[in-house]
Amino acid sequence: MDYFLVSFFLIQYVRSSLQTATSLPEWDRKLLFGRYLSIALIATFYVMDTPDWYSWVWHIFMVAILFILFTKDEFRPIKSVTQSVIPFVVISILNDVVELAAPKFHDEYHDWLDIATAFAFVLCFVIWFYAQKQRKVLLKEREDRLREEMASKAQKESLEYLVAERTMELTAQKEELQKAIDDLKSTQNQLIQSEKMASLGELTAGIAHEIQNPLNFVNNFSEVSVELCQELEEEVDKTTIPDADKDYIKGIIADLSQNQQKITHHGKRADSIVKGMLQHSRASSGEKEPVEINALADEYMRLAYHGLRAKDKEFNAALVTDFDPNIGKVMVMPQDLGRVFLNLFTNAFYAVAEKKRMLTEAGKLDDYKPEVKISTKMFAGKLYIRVSDNGTGMPDHVKAKIFQPFFTTKPTGQGTGLGLSMSYDIITNSHNGLLDVETIPGEKTEFKITIPIA
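For clarity, every value in this text was computed on a predicted model and none was experimentally measured.

Caption draft 1: Fine view of the sheet that holds strand β2 (residues 318-322). Strands sit in the order β2-β4-β5-β7-β6 across an open sheet of five strands; the sheet is mixed. The sheet is open, and its two borders are formed by β2 and β6 (434-440), each paired with just one other strand. Along the sheet, successive strands turn relative to each other by an average axial angle of 15°, direction set aside. Bridge count between strand β4 (residues 371-379) and strand β5 (residues 382-389): eight bridges; the pairing is antiparallel. Bridge pairing in β5 links lysine 373 to serine 388. Running over the sheet, helix α11 (residues 334-362) touches β2, β4, β5 and β7 (444-452) and is turned about 145° from β4. Of the strands in this sheet, β6 and β7 touch helix α13 (residues 419-430), which is tilted by about 135° from β6.

See below:
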């Protein structure tokens, strides 16, 4: 019975301590076989009549178990517990050996041998008990350490997450600040450019004023000279010089009169341009005046075209007009509407010039012909004006911001971002109208002006 208890609990201790069911499945099957074998041996001992030598079967069984546990590296962690069984096995074997070799001595000291065997038996379980208790303490310490490590790991991950989140916030703030600084610098540059343009406008107005006086003299004297040529021709008819000489003199007078008429024509043309410049540079009076819309639009279209031609001599574009001849004069603010026309035409010419440059660089110019078109129409008490071009067009994200102040797609120094914003205010606020844009990226852009006419 002692051998059965020792072998049974030893095998069970090995299986539970080393978790052989998961870590050593092959040895676990062998240990289970040993456990069943010990049960079979104890059952045989009690059920059947066993001879005296049957105890040696138990000796062999226990020695085999101890040999395996001592010689295999897999069972090294429980070697100290295995050693506690050796005294019990040795005393049991010694007891049987003494009984066979010296029966009288055995009978005389039988009680002492039984006491030694019992002590060794109890010692096994005492050692197992403390080993089991120590194992539980170590297991608890290991679990506590694992929990601490898990808590420390979780805290570390939490701190890393917070650091990463804070880093992202700081990076985003830095980018926002950098963008704000860039926007401020851009706005500053645009304001400086706007101030320069305003100063240039004042200078232009001063120059135009200075030009207007001598231009008036040219126009007046050219008209007077035409009249003088007519009077001179009449006086030649009154003279008695030969007809051939009269014809020769009349030819010279005709040429002179024609030249004077051309001077008058181009002088008036120059006077119209100067007046347009003065009107554009002059602050709006805020009052509406009857204006020939077709003439105003045509004047600013050509003014914008020649302005771009002055910067780029090689630039050419087709100027297409589709004016409604029945519009006549319309009550508008001419200075303000002139600024709108100038901004729209300048942008249109810039778009077609930019597209031509891009196609030239890409070697895909082919048959592209820059074209800017304006059309006017009066219908149902409203004036409709369309300014279109076949230039670069605009993507949707640019179209959404096109009327915002200081927004421009032009390089620094070429646009202040105020032209279309100002035009939008003039049309919507000053004229109670609408200004909209339709565009196809890479193909065309069309600005639509609708002004109600009272």
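Caption draft 2: Quick peek at the packing of helix α10 (residues 293-311) against α11. One can describe the packing of α10 onto α11 by two numbers: an axis separation of 8 Å at closest approach and a directional angle of 45°. Here α10 is positioned oblique relative to α11, judged by the angle of their axes. Considering only the axes of α10 and α11, their crossing is right-handed. Where α10 approaches α11, its residues Ile293, Leu296, Ala297, Tyr300, Met301, Leu303, Ala304, Tyr305 and Leu308 are matched on the opposing element by Pro334, Leu337, Gly338, Phe341, Leu342, Phe345, Thr346, Phe349, Tyr350 and Ala353. In terms of residue class, the contact of α10 with α11 is built from 17 nonpolar, two polar and no charged.

Conventions used here
- Residues numbered from 1 in each chain as written.
- Predicted model: local features only at pLDDT ≥ 70, side-chain atom pairs only at ≥ 80, totals over all residues.
- Heavy atoms only, no water.
- Pairing = 2+ DSSP bridges.
- Helix = DSSP H or I, 4+ residues; strand = E, 2+ residues; numbered from the N terminus.
- Axes fitted to C-alpha atoms, helices over the stretch in contact; angles between N-to-C directions.
- Contact = heavy atoms within 4.5 Å.
- Parallel < 35°, antiparallel > 145°, perpendicular 65-115°, else oblique.
- Left-handed = near helix turned anticlockwise from the far one by under 90°.
- Nonpolar A, V, L, I, M, F, W, Y, C, P; charged D, E, K, R; others polar.

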